[in-house]
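Listed below, chain by chain, are the residues.
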Amino acid sequence: MKAIKYSGLGIFLVGFSIFTMAIFSGYFNFTEQELESYISEKGYKSEHLKEELLKSIVTDEKLSIFEFSSKVRAAFETSNKYHETQISKYNAEKNWAKKGEEFQYKISGKPHSLSYDLAKKAGKGFFKDEPMLAWWLTFGLGIFGALLFILPNVILLGKPGIKNNGIYHESATNRGFIAWLVLMYLVGFYLVLYFMPDYVVNWTFIFDPISNALNGGNASQWFVYGFLYCTIMLVMGARMYIKYRHNKYQIIRTTSVLFFQIVFAFLIPEIMTSLNMPGYDFKSAFPLDYDFFFEWNLKSLQNSGAIGIFILVWGIILTIVIVPVMVYFFGKRWYCSWVCGCGGLAETLGDPYRQHSDKSLNAWKLERWLIHSVLIFSLVMTVVTLYCYFSGTSSFLGIKSQWIKDTYSFLIGAWFAGVIGTGFYPIFGNRVWCRFGCPLAAYLGFVQRFKSRFRITTNGGQCISCGNCSTYCEQGIDVRAYAQKGENIVRSSCVGCGICSAVCPRGVLKLENGPEKGRINPTEILLGNDVDLMQLLNQK
Amino acid sequence: MEHIVIIGNGIAGVTAARHIRKKSNKKITIISGESKYFFSRTALMYVYMGHLKFEHTQPYENWFWKKNNIELKEGFVTNVNTDKNQLIFSDNSTLFYDKLIIATGSKPNKFGWKGQDLKGVMGLYHKQDLENLEKYAPNKEVCKRAVIVGGGLIGIELAEMLRSRKIPVTFLVRETSFWNSVLPTQESEMINKHILEHHIDLRLNTNLKEIISDENGQVKSVIIEGTNEEIPCNVVGLTAGVSPNIDFLKNTNITCNKGVLVNRFLETNIPTIYAIGDCAEQQHPIGNRRPIEAVWYTGRMMGETVAQTICGKKTEYKPGHWFNSAKFLDIEYQTYGWVFSEKTKSENEDHFQWQHASQNKCITISFDKNTHEFLGINTFGIRMRHEIFDQWLSEKKSVEHVLEYLADANFDPEFYKSHETEIVAKFNQEMCTNIQVKKKSWKRIFSKA
Ligand SMILES: Cc1cc2nc3c(=O)[nH]c(=O)nc-3n(C[C@H](O)[C@H](O)[C@H](O)COP(=O)(O)OP(=O)(O)OC[C@H]3O[C@@H](n4cnc5c(N)ncnc54)[C@H](O)[C@@H]3O)c2cc1C
Ligand code: SF4
């Protein structure tokens, strides 16, 4: 069994290495015709740019993606610079006609994205030519190996029950060397994905056939990410099924997050795209879905006919009605640990790291500051955007709409939710984003704290203060602090994953929805002590 | 300002200190010879098993004590001068107190076995025992086999710990079935089976004769009484119960029996001295409870009670209905009220039992044969609501009532399969009744709230 497990690990690492190494493979260049047709397709008008690109990437030389990218970025930069000098020149000469003309030659866009578009066309080599084989060598081997590594646990873990043996002895789960390696890989992955997509253009080639089959177009880096996300959740979901096979709540919850990720976040938007509709994730609620009210999205929805209007109305009702009503009945868990994609990844890929969330009082303070700041940030951004959209201006109360959107997307959307939120799993636990950053979680938290039927009931005086519940709380709630006082846990940050209840060796905790009356039960003296003493204390 | 000194920073001592602080601004000092900060002894096993780090067993962050103005003193008390209100420490220093609370807990029993003090022989009680275990049983290469002597709650925990590192374990149990002085046969037998499923070499009806040393004064093997079988091993765990840790009181005027004798106000014979927790012995047992109760929550309740008395509200220690819980490897156990084993139960205690056909789940409900008053329940593999049973016991409900409303008491996580219908069907069949299971009702559950 062990042998199978470790050969699985080996196979996984081979697939994983091929996938990583794919970045460095293949070569990139253009023929003159290819460049011409690209330029006309894009409608670039600058002769200067064309010349620069001709000089640098129309070649027989087999450029690596890094050389290719730097040449392309240099070409765009030189050309843009040239036109800027022209603009200032005409400006000085007060030659307004010429100056106005010159603007059309400037090309806007992030350098790496411009380069990505070219690279997608210019790429050659194994991953471009043999995408299906490449898929098997990367994803195929990776999935097969990972499953071989995970499935033997059905037997190796022994009888069903809580199996946390050795978590604090192993490098991978105890912030050891392996954990730091994983952190670096994840951070690197997100940096490249968000900021240097051209470097991973080879990955997109692997998915061109699958993407074409699904939505009729070639794969982008976001398609790769979406597919990878689902794959990881499925494989690590298998691990959850085995680890918690005695716990029906965990089994059903895992099934639910997998379903919503694969069907709602991945398949439906792809299919909608193939039908020429805007691809929309029906479960993604504002303000987590922070660009829902951005101009481009509103415009695109308005231009999409009935379905666009439906999405617009649905998105608003989801946030304003469905989300809070559901939180009232079931707690925010219905979203955060049953439906949400970020939560889904945290509950599958992130499960081995859940114990690393900081339980200190200071961390709780930081949490409340940060998450509420992000909520305010997202709301201010949306107000500015909407005001500008309807009034046709470009700023509101001195805040430039474009600036605030870009800042939010960069700081919160990319760095906080992605690079830090997922990248830091192995060291700071699997809910860094959900706990400290997610504006939707902050909103749901208010509802859960003040108007909800959900609570974690503490079972009288049974707690022995062992600390398992607090340690394995991914949201950093010091569950024990409540349980040992016989107090129910009613906290805005609880996502209802149910692990505290699962790991408690004394059957103390139960997640449940019940009447609001009696939900919060301040008790100074625990059940079990005689009645007079309880009365005495309760009178005070 | 009155100086309250507490010897022992376990659950009893710490609870007393916290509640005294809530009610007063008296000066409070807690003394411990074991560790500076309070930790949960019950979680020691999880540290060895790698579920927790030691720091996770500490229920309060380190700043808590200073913030609440509770002084922590590390040191070992060797004597108490009750005339001068003075504690004497092992380094001969002294400390004056106005009121003293003795909360020194327990120590593992040793019954004078030959070799019981060899290297590699240990109990499982103190933090130092854990360090010892890390030293002598870090893995299965260093410790080729461990022998555990004494089949109680701590013994089975130690077995689980060692098995988590794949160390072969032989488990010597004096009784004919695991813990059957407490558990009814059905349950004891289920645990026997479960122990074997975990590949633990369970030896029922077996006593230790002596422990053999190698040339370095370390354990080499144990000899079994009767058969004289020799079992080679590197570690011996002595888990045959605990007794009050009060040797340091031998030369004082404080009256002790097995533990420090206290009245219902937790007062000793010396007016300024109180005793709580594992080390306290009630002069007269309370109800069916034993005079010394070495469990977590009674220590906590005594701490809560003594704090009232010390702060001027003289309060009697009145533990409510008995309850407890434990975990036997993968099987959770809870009990509310009194269920005695066949060996110990009284004439009028009758049992209704149910066991799951394939899973490790069973219950025993005890009731009065004549009046049908519900006396208590043992549940294995099913969690139950403490509050509901507490209420039923106080209201002296009948066994029929308990079965009818059993669904209200279920505390298993959501979506778990419930077994009330099967259980009640069995009861109906055995008792010729016609009880219909009532659906769970929030209204009833929260009727007290
Ligand atoms: C492995 C294990 C598992 C357990 N599991 C459970 C369980 O699941 N449920 C349950 O109800 N109970 C359980 N118990 C029992 C429970 O832990 C005890 O009843 C409880 O800890 C007793 O608390 P206490 O405050 O009375 O004493 P202790 O926790 O023993 O604290 C006494 C402290 O005083 C110190 N001390 C003693 N003498 C001196 C001295 N002379 N000078 C200075 N300091 C001194 C000791 O070193 C110790 O730190 C378990 C016990 C063990 C060992
Ligand atoms: S896991 Fe259970 S027994 Fe342990 S501290 Fe938490 S609630 Fe208490």
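Everything quoted here is computed from the prediction, not taken from an experiment.

## Section: the overall build of chain B
When its secondary structure is counted, chain B shows 12 helices and 25 strands. What you see for chain B is a C-alpha radius of gyration of 24 Å, in line with the 22 Å of a compact globule of 449 residues. The principal-axis extent of the C-alpha atoms belonging to chain B is close to 70 × 60 × 40 Å. Per-residue burial over chain B gives 58% buried out of 449 residues.

## Things to note about the domain arrangement of chain A
Per the domain assignment, the segments making up chain A are domain 1 (27-123), domain 2 (361-441) and domain 3 (453-540). One C-alpha centre belongs to domain 1 of chain A, the other to domain 2 of chain A, and the line joining them spans 34 Å.

## Let's talk about the pairing of strand β13 (residues 208-213) of chain B
Residue and element names in this part refer to chain B. One ladder, built from 5 bridges, connects β13 with strand β14 (residues 219-224); its direction is antiparallel. Each bridged residue has a counterpart across the sheet, and for Ser213 the counterpart in β14 is Val219. Between β13 and β14, which follow one another and run antiparallel, lie 5 residues, and Gly217 among them has a positive phi close to 75°.

## A short note on the sheet that holds strand β23 (residues 349-355) of chain B
All names here are of chain B. Judged by pairing direction, the sheet is antiparallel, and its 5 strands sit side by side in the order β21-β22-β25-β24-β23 without closing on themselves. Two strands in the sheet have a free side with no partner beyond their single neighbour: β21 (323-328) and β23. For this sheet the average axis-to-axis angle between neighbouring strands, irrespective of direction, equals 10°.

## Here we look at the site of ligand 2
The full set close to ligand 2 counts 13 residues, and Cys463(A), Cys466(A), Gly467(A), Cys469(A) and Cys504(A) are the nearest of them. Contributing elements (two or more residues each) for the shell around ligand 2: α23 (468-471) and α24 (479-483) of chain A.

## Thoughts on the interface of chain B and chain A
On the chain A side, the residues contacting the 67 residues of chain B number 67 residues. For the pair chain B and chain A, the summed buried area comes to about 5,400 Å², and 49% of that belongs to carbon and sulfur atoms. Taken together, the connections running from chain B to chain A amount to 5 salt bridges. Glu157(B) is the salt-bridge partner of Arg506(A), the closest N and O atoms lying 3.7 Å from each other. Here chain B is connected to chain A by 30 residue pairs in polar contact (both at pLDDT 80 or more).

## Remarks on the domain arrangement of chain B
All names here are of chain B. Partitioning chain B into structural domains gives domain 1 (3-107 + 243-310), domain 2 (121-240) and domain 3 (323-445). On a C-alpha basis, the centres of domain 2 and domain 3 stand 32 Å from each other. Contacts between the two partners involve 20 residues from domain 2, matched on the other side by 23 residues from domain 3. For the pair domain 2 and domain 3, the two sides together bury roughly 1,900 Å², of which 61% comes from carbon and sulfur.

## A look at the packing of aromatic side chains
Residues and elements named next belong to chain A. Applying the stated rule across the entire model yields 76 aromatic pairs over all chains. Ring geometry for Trp135 and Trp136: centres 5.1 Å apart, planes at 85°, overall edge-to-face. When the ring of Tyr249 is compared with that of Trp338, the centres are 5.6 Å apart and the planes differ by 70°; the resulting orientation is edge-to-face. Of this pair, Tyr249 sits in helix α13 (residues 248-274) while Trp338 sits in the loop between α16 (333-336) and α17 (341-348), and the two are 89 residues apart along the sequence. Since its relative accessible area comes to 3%, Tyr249 is described here as buried. Taking NZ or CZ as reference, Arg368 lies 4.4 Å from the ring centre of Trp364, over its face. Geometry around Phe294 places Lys405 over its ring, the cationic atom sitting 5.4 Å from the centre.

## A short note on the site of ligand 1
Near ligand 1 there are 33 residues, and of these Arg506(A), Glu34(B), Tyr125(B), Asp278(B) and Trp296(B) occur at the shortest range. Ligand 1 sits at the junction of chains A and B, each of which supplies nearby residues. One of the backbone N or O atoms of Val295(B) is found 3.4 Å from an oxygen atom in ligand 1. Protein burial of ligand 1: of its 1,000 Å² of free accessible surface, 96% is covered by the chains. Among the elements of the structure, α1 (11-23) and α5 (153-164) of chain B are those that each provide at least two residues to the shell around ligand 1.

## Describing the sheet that holds strand β2 (residues 27-32) of chain B
The pairing of strands in a sheet comes from backbone hydrogen bonds and takes either a parallel or an antiparallel form. Residue and element names in this part refer to chain B. In space, the 5 strands of this open sheet follow the order β3-β2-β1-β7-β19, with parallel pairing throughout. Edge positions in the sheet fall to β3 (70-74) and β19 (273-275), since each has one partner strand and no second. Taking each pair of neighbouring strands and ignoring which way they run, the sheet shows an average axis angle of 20°. Of the pairings in the sheet, the one linking strand β1 (residues 3-7) to strand β7 (residues 99-102) comprises 4 bridges and is parallel in character. Bridging across to β7, Ile7 finds its partner in Ile102. Sitting on the sheet, α1 touches β1, β2, β3 and β7, and the angle it makes with β2 is about 170°.

Definitions and cut-offs
Residues numbered from 1 in each chain as written. Chains lettered and ligands numbered in written order. Predicted model: local features only at pLDDT ≥ 70, side-chain atom pairs only at ≥ 80, totals over all residues. Heavy atoms only, no water. Helix = DSSP H or I, 4+ residues; strand = E, 2+ residues; numbered from the N terminus. Rg over C-alpha atoms; globule rule 2.2 N^0.38 Å. Buried < 20%, exposed > 50% of the residue type's maximum accessible area, 1.4 Å probe, protein only. Domains from an automatic or database assignment. Pairing = 2+ DSSP bridges. Axes fitted to C-alpha atoms, helices over the stretch in contact; angles between N-to-C directions. Near = heavy atom within 4 Å. Contact = heavy atoms within 4.5 Å. Buried area = accessible area lost by both parts, 1.4 Å probe. Salt bridge = Lys/Arg side-chain N within 4 Å of Asp/Glu carboxyl O. Polar contact = N/O pair within 3.5 Å; in protein donor to acceptor, adjacent residues only side chain to side chain. Phe/Tyr/Trp six-rings, centres within 6.5 Å; stacked < 30°, edge-to-face > 60°. Lys NZ or Arg CZ within 6 Å of the ring centre and 35° of its normal. Areas by Shrake-Rupley, 256 points an atom, 1.4 Å probe, with all protein chains shown as cover.

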